[in-house]
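# Chains, contacts and geometry: an overview
These are the residues of each chain, in order.
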Amino acid sequence: MTQDEIKKSVGWAALQYVQTSTIVGVGTGSTANHFIDALGSVKHQIKGAVSSSKVSSMKLKKLGIPLVDLNAVDMLDLYVDGADEINPYMHMIKGGGAALTHEKIIAAVARKFVCIVDASKLVDMLGNFPLPVEVVPTARSLVARELVRLGSIPKYRQGIITENGNIILDAHNFKIVNPIELEAQINNIPGVVTVGLFARRGADIALIGSEHGIKIIQKKCVINT
């Protein structure tokens, strides 16, 4: 199987968590795109979807899935998204596609967060993938200095403006021993909109795809399919 075929398998596998007559939270990225395709096959059974990015919104519209404003709902039953890295404790690094703020907001209002990834994204310790930080442009230098103080090498992601009008600093060289603590430290830096650490609100279920099938991790429970 190619990597894209593995991503497709986990994207479609996430369909089992979609309940009828509900609004589904949808993430951003290549694996999430496969889930959106799968969601299109049951579009008449759901009320609609809340999207984390303009790219995902366009794909949902193209498939005829109604878009719902997150401000119009109190809670989502399900949010499905990929990750750049995920550890066995269900903490994640997200934001490679620069949609981390919207993704974190949707995750915060979801009862169940299902992370869909290929096996290359499962790591023992987060930090090999550069940690994205969304920053107000005028605070770029301040935040960069603070990230250096915390032990990373920040790099400005050239040519990228988020949908919120901000910029991204990618923090390299982190070995993230305590993701929850680091998430709080970075979020407390003035000028940071949010950091791409999803530790305080991590995934509830992870579908890990490989050539050998799909492994389901449910917080200390592992099932091979």
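Every residue gets a number counted from 1 within its own chain, in the order that chain's sequence is written. Totals for whole chains, interfaces and linings use all residues, but because this is a predicted model, local features are given only for residues with pLDDT of at least 70 and pairs of side-chain atoms are given and counted only at 80 or more. Each side-chain value is worked out from all heavy atoms of the structure, with water and hydrogens disregarded.

## With respect to the side chain of T31
Strands here are runs of E lasting at least two residues and helices are runs of H or I lasting at least four, both read from the DSSP assignment and numbered beginning at the N terminus. Here T31 lies in helix α2 (residues 30-40). Apart from the residues within four sequence positions on either side, T31 is in contact with K7, V10, G11 and I116. The criterion used for residue contact is that any of the two residues' heavy atoms lie within 4.5 Å.

## Examining the sheet that holds strand β8 (residues 153-156)
Whether two strands pair depends on DSSP finding at least two bridges between them. The strand order across the open sheet formed by four strands is β8-β9-β7-β10, and the pairing between neighbours is antiparallel. Only two strands of the sheet have a single neighbouring strand rather than two, namely β8 and β10 (192-195). If you compare each strand with its neighbour and ignore which way they point, the axes differ by 30° on average. Taken together, the four bridges between β8 and strand β9 (residues 167-172) define a ladder with antiparallel strand orientation. Along β9, the bridge assignment pairs Y156 with L169. Think of each axis as a best-fit line through the C-alpha atoms, taken over the contacting stretch in the case of a helix, with angles from 0 to 180 degrees between the N-to-C directions. Each of β7 (131-135), β9 and β10 touches helix α4 (residues 100-108); the most contacted strand, β10, lies at about 65° to it. Where helix α6 (residues 179-187) meets the sheet, it contacts β7 and β10, and its direction lies at approximately 165° from that of β10.

## Quick look at the pairing of β7
Buried residues are those whose accessible area, probed at 1.4 Å on protein chains only, stays under 20% of the maximum for their type, while exposed residues exceed 50% and partly exposed ones sit between those limits. With five of five residues buried, β7 lies mostly within the body of the structure. On β7, burial covers both faces: L131, V133 and V135 on one face and P132 and E134 on the other are all buried. Sheet topology places β7 next to β9; five bridges connect them, and they run antiparallel. Among the inter-strand pairings, V133 is bridged to a residue of β9, identified as L169. In terms of strand pairing, β7 meets β10 through three bridges, oriented antiparallel. Residue V133 lies in a different strand from β10, and its bridge partner there is V195.

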